[in-house]
Amino acid sequence: MSMNRRTFVIKSAVVSSALAVGALHNAAQAQAMVAETDPQAKSLGYVADATKADKAKFPKYAAGQNCGNCALYQPKDAKAGGCPLFAGKQVANAGWCSAWAKKG
Ligand code: SF4
């Protein structure tokens with residue numbers, strides 16, 4: 001093996017393991033989705049599907065409201081994002097809770 005080839009192989013190995021570590025790191029950092037059974041979610045009436053909001057209990061719910069268009073929502077990707085009411089977890093873009101606030 002020539003020196004250049006060896007250097008290339010070593011560099012490739014270093015780069016691949018760095019990528020693997022990066023991928024693992026991202027996976028570990030992916031935040032869990034808020035479960036509807038979570039006590040905080042229950043008290044706020046959070047549902048992952050806004051159309052399933054308990055309209056009897058939360059009459060202020062109006063069709064079209066969802067986390068994705070809530071002032072508190074911090075979108076992460078097309079499906080989920082952060083919400084200060086659920087620190088360390090993610091809410092569904094299509095979700096809803098009784099703290100929904102119109103974007104300013
Ligand atoms: S406050 Fe807004 S973003 Fe947070 S869970 Fe409720 S509706 Fe979704």
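The structure contained in this document is the topic of the report that follows. If you're wondering where the values come from, they're calculated on a predicted model, not measured in any experiment.

## Some remarks on the overall build of the chain
Here's step 1: Scanning the chain from terminus to terminus reveals two helices and three strands.
Here's step 2: The 104 residues of the chain split such that 21% are buried.
Here's step 3: Of all intrachain contacts in the chain linking residues separated by at least 6 positions in sequence, the fraction that spans at least 24 positions is 58%.

## Brief notes about the nonpolar core
One broad rule of soluble globular proteins: the nonpolar side chains tend to lie buried together.
Here's step 1: Ranked by size, the top nonpolar core spans 17 residues in total, and within it Tyr46, Cys67, Val91 and Trp96 carry the most contacts.
Here's step 2: Beyond its immediate stretch of four places on either side in the chain, Tyr46 contacts Val34, Glu36, Ala41, Val91, Gly95 and Cys97.

## A word on the site of the ligand
Here's step 1: Around the ligand, a shell composed of 13 residues is seen, among which Cys67, Cys70, Cys83, Cys97 and Trp100 lie nearest.
Here's step 2: Each residue belonging to the shell around the ligand can be placed in one class, and the counts come to twelve nonpolar, one polar and no charged.

## Examining the environment of Phe86
Here's step 1: Among the structural elements, Phe86 can be located in the loop between strand S2 (80-82) and strand S3 (90-92).
Here's step 2: Separated by 48 residues in the primary sequence, Phe86 and Asp38 have C-alpha atoms spaced 9.9 Å apart.
Here's step 3: Excluding its chain neighbours within four sequence positions, the residues that come into contact with Phe86 are Val34, Gln40 and Val91.

So, how was this worked out
Residues numbered from 1 in each chain as written. Predicted model: local features only at pLDDT ≥ 70, side-chain atom pairs only at ≥ 80, totals over all residues. Helix = DSSP H or I, 4+ residues; strand = E, 2+ residues; numbered from the N terminus. Buried ≥ 20, exposed ≤ 12 C-beta atoms within 10 Å, placed from the backbone. Contact = placed C-beta atoms within 7 Å. Core = buried A, V, L, I, M, F, W, Y, C linked by C-beta atoms within 7 Å. Near = placed C-beta within 6 Å. Nonpolar A, V, L, I, M, F, W, Y, C, P; charged D, E, K, R; others polar.

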